[in-house]
Amino acid sequence: MENACSKNAAFLMSEELAKMTARHPCYSLDAHHQFARMHLPVAPVCNISCNYCHRKYDCVNESRPGVTSEVLTPEISLTKFIRVKEEMPHLSVVGIAGPGDALANWDVVKRSIKLIKAESPDMIFCLSTNGLMLPHYGQDIIDLGIKHVTVTVNCLEPAIGAKIYHHIHYRGKYYVGENAAEILIHNQMEGINILVDHGILVKVNIVMIKDINVEHIPEVVKKVKNLGALMTNIMPLIPAPGSVFQNFPQTSMKEVNALRDLCQTDISQMRHCQQCRADAIGLLSEDQSYKFRHVKADTVKKCKFRARFYKVAVTSKHKQLVDLHYGHAEEFHIYETDGVDIRFIETRATSKYCLGRVNCDETEEIKDAVIQGITDCDAVLTMRIGYEAQQRLREQGISAVESCASVEEGLFHVFHQLRHEADPSAALDVI
Ligand code: CLF
Ligand code: SF4
């Protein structure tokens, strides 16, 4: 019988959300043999320290310890997504599950989701988080239209939390012990509340740690059920080498299943979790991420957006970072990119556009000469560029893109910007 105080998400689920969830391989047992998920490893940083985690590896709240994933930029994620989607028509979910915490890297996570959503609006987006920043980014998650969020909640009591978490970094401060656990637990509860109130389906992961939280877990399950979580996923502790808990006993699946059976009377139990890599791709039971590593260096023959190479003039001191103002550059590095490969063409000398205020009136000819040197380019990639210079370039059909990132990342950004300009249906509503 339902507790009168519970907000059972299953009863609030709309038909549309139910249909969507039927294609989510983690939320739907039936879906996990048919539909694939793709994790974007765009979140390397974490804002807490779990004693079962070693930060050389992926977040243990979802991943098997000892697994290391590559970290991608949002732009490279989009390129990789396009390729995976082509080869996996049954791809239904794009999830972010590390290697650190999704909300500790929110800007890049949000940007990655926006880029892929613009490319493929039907994709289901999914996040996994320790929950520390949920009260702060809950509204963003709602606004992005994300409907599936996993929060790891290992306990409700700070005294137990102090044994599981070493510290947290929260709003510029470092907390340890029960103070840290109290803030974390409070934010997890508040965050789940916010998400459930907005119709988001919350799955709660719980790491089962012998001698620490085993007896307490049924209480956690009841609490999150009453908050409106849809299901819990009780996971075994697999001691990670190098972690504080490295010598703890591994929880057996027999013990985990016994606890799941006990908790099943309260809330639906996930039993098919694979503790995936942060860059996992494919059916849950058949990870194919190895086929798509280093996708940027791959040849993507069939990619529909690989119709052309764009030529880009880059202002950079050493061809590593986009670290020069347009007006300060004495040379342009010319590259071509099709969003997958990058080719360096040549370096072209130019005249410094900005000679300081004294010579301002004398620079008109220089300004024209600078542009004449790159009229074959589609875009300029630069750290900063003034409005007037942008206008001059635009008159010649050259776009200007500002970036402070690496040349490689900047070029991928330029590619997607130009593709959007050429085909507004691939609208990029990026931050
Ligand atoms: Fe990924 Fe997690 Fe979304 Fe699934 S995994 S972010 S909810 S799309 Fe799934 Fe993998 Fe288990 Fe996670 S099997 S580790 S539960
Ligand atoms: Fe490690 Fe994940 Fe815990 Fe962060 S939240 S410390 S990445 S297990």
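An account of the accompanying structure is given in this report. As a convention, each chain's residues are numbered from 1 in the sequence order in which they are written. Here every chain gets a letter starting at A, and every ligand a number starting at 1, in the order they are written. It should be noted that, the model being predicted, local features are given only for residues of pLDDT at least 70 and side-chain atom pairs only at 80 or more, the latter also being counted only at that level, while totals for whole chains, interfaces and linings use all residues. By convention in this description, side-chain values take in all heavy atoms of the structure and omit both hydrogens and water.

This next bit is on the sheet that holds strand β13 (residues 310-314). One key point about sheets: their strands pair by backbone hydrogen bonds, in either a parallel or an antiparallel sense. Following DSSP output, two strands are said to pair if at least two bridges run between them. Secondary structure elements are taken from DSSP: a helix is a run of H or I of four residues or more, a strand is a run of E of two residues or more, and numbering for both begins at the N terminus. If you trace the five strands from one edge of the open sheet to the other, you get β15-β14-β13-β16-β17, paired in mixed fashion. Two strands close off the open sheet at either side, each with one partner strand: β15 (342-349) and β17 (399-402). Across the sheet, the axes of successive neighbouring strands diverge by a mean angle of 25 degrees, strand direction being ignored. Here, residues are in contact when the closest pair of their heavy atoms is within 4.5 Å. Helix axes are fitted to C-alpha atoms over the stretch in contact, other axes to C-alpha atoms as well, and angles between N-to-C directions run from 0 to 180 degrees. In the packing of helix α12 (residues 407-422) onto the sheet, the strands contacted are β13, β14 (331-337), β15, β16 (379-382) and β17, and the crossing angle to β13 comes to about 130 degrees.

Right, let's get into helix α4 (residues 106-119). With 14 residues, α4 should cover 20 Å at 1.5 Å per step; its first-to-last C-alpha distance of 20 Å lies within 8% of that length. In terms of residue burial, α4 counts as a mostly covered element, since 10 of its 14 residues are buried. By the burial criterion, the buried members of α4 are Trp106, Val109, Lys110, Arg111, Ser112, Ile113, Lys114, Leu115, Ile116 and Glu119. As for α4, its buried residues are in contact with α3 (74-87), β3 (91-96), β4 (124-129), α5 (134-143) and α12. The span one expects for a helix is its residue count, reduced by one, times 1.5 Å. The cut-offs for exposure are 20% and 50% of the maximum accessible area for each residue type, with area from a 1.4 Å probe on protein chains only; residues under the lower value are buried, those over the upper are exposed, and the others partly exposed.

Attention now moves to the site of ligand 1. Looking at ligand 1, there are 14 residues lining it, with Cys26, His39, Cys126, Cys273 and Cys276 nearest. Any residue with an atom within 4 Å of a point lines the site, the site being either a cavity, points on a 1 Å grid over the protein atoms alone where a 1.4 Å probe fits but cannot get out, or a pocket, an open set with protein on both sides within 12 Å along at least 5 of 7 lines. Pocket occupancy is defined atom-wise: a molecule lies in a cavity or pocket when more than half of its atoms are within 2 Å of its grid points. The cavity that encloses ligand 1 is the largest cavity. Any residue that is not Ala, Val, Leu, Ile, Met, Phe, Trp, Tyr, Cys, Pro, Asp, Glu, Lys or Arg is counted as polar, Gly included; the first ten are nonpolar and the last four charged. In the shell around ligand 1, the residues fall into seven nonpolar, five polar and two charged. Proximity is defined per residue: any heavy atom of the residue falling within 4 Å of a molecule or strand makes that residue near it.

Turning next to empty space enclosed by the protein. Grid points are joined across faces, edges and corners, and a volume is the space filled by probe spheres set on the points. One pass over the full model with this rule turns up two cavities of 30 Å³ or more. The computed volume of the largest cavity comes to approximately 160 Å³. Mapped by element, the contributors of at least two residues to the lining of the largest cavity are β1 (36-39), β3 and β4. Its residues assigned to classes, the lining of the largest cavity comprises nine nonpolar, six polar and three charged.

The relative placement of two packed helices is expressed as an angle between their axes plus a distance between the axes. Here α3 crosses α4 at 35 degrees, and the two axes come no closer than 9 Å. Relative to α4, α3 is oriented so that their crossing is right-handed. Contacts between α3 and α4 involve Pro74, Glu75, Ser77, Leu78, Phe81 and Ile82 from the first element and Val108, Arg111, Ser112, Leu115, Ile116 and Glu119 from the second. Tallied by class, the residues present in the contact of α3 with α4 amount to seven nonpolar, two polar and three charged. In this scheme the handedness of a crossing depends on how the near helix is turned from the far one: anticlockwise by less than a right angle means left-handed, clockwise means right-handed.

Our focus in this paragraph is the packing of aromatic side chains. Only the six-membered ring of Trp is used, alongside the rings of Phe and Tyr, when aromatic pairs are assigned; centres must lie within 6.5 Å, and planes under 30 degrees apart are stacked while those over 60 apart are edge-to-face, with the rest tilted. With the rule as written, the count across this model stands at five aromatic pairs. Relative to Phe248, the ring of Phe245 has its centre 4.1 Å away and its plane inclined at 25 degrees; by these criteria the two rings are stacked. On the accessibility criterion, Phe245 (3% relative accessible area) is buried. Residue classification places Phe248 among the partly exposed positions, given a relative accessible area of 27%. As a reminder, the over-ring test applies to NZ of lysine and CZ of arginine, requiring each to be within 6 Å of the ring centre and within 35 degrees of the ring normal. Lying across the ring of Phe344, Lys319 places its NZ or CZ 3.9 Å from the centre. Here Arg343 stacks its cationic end above the ring of Phe309, 3.8 Å away from the centre of that ring.

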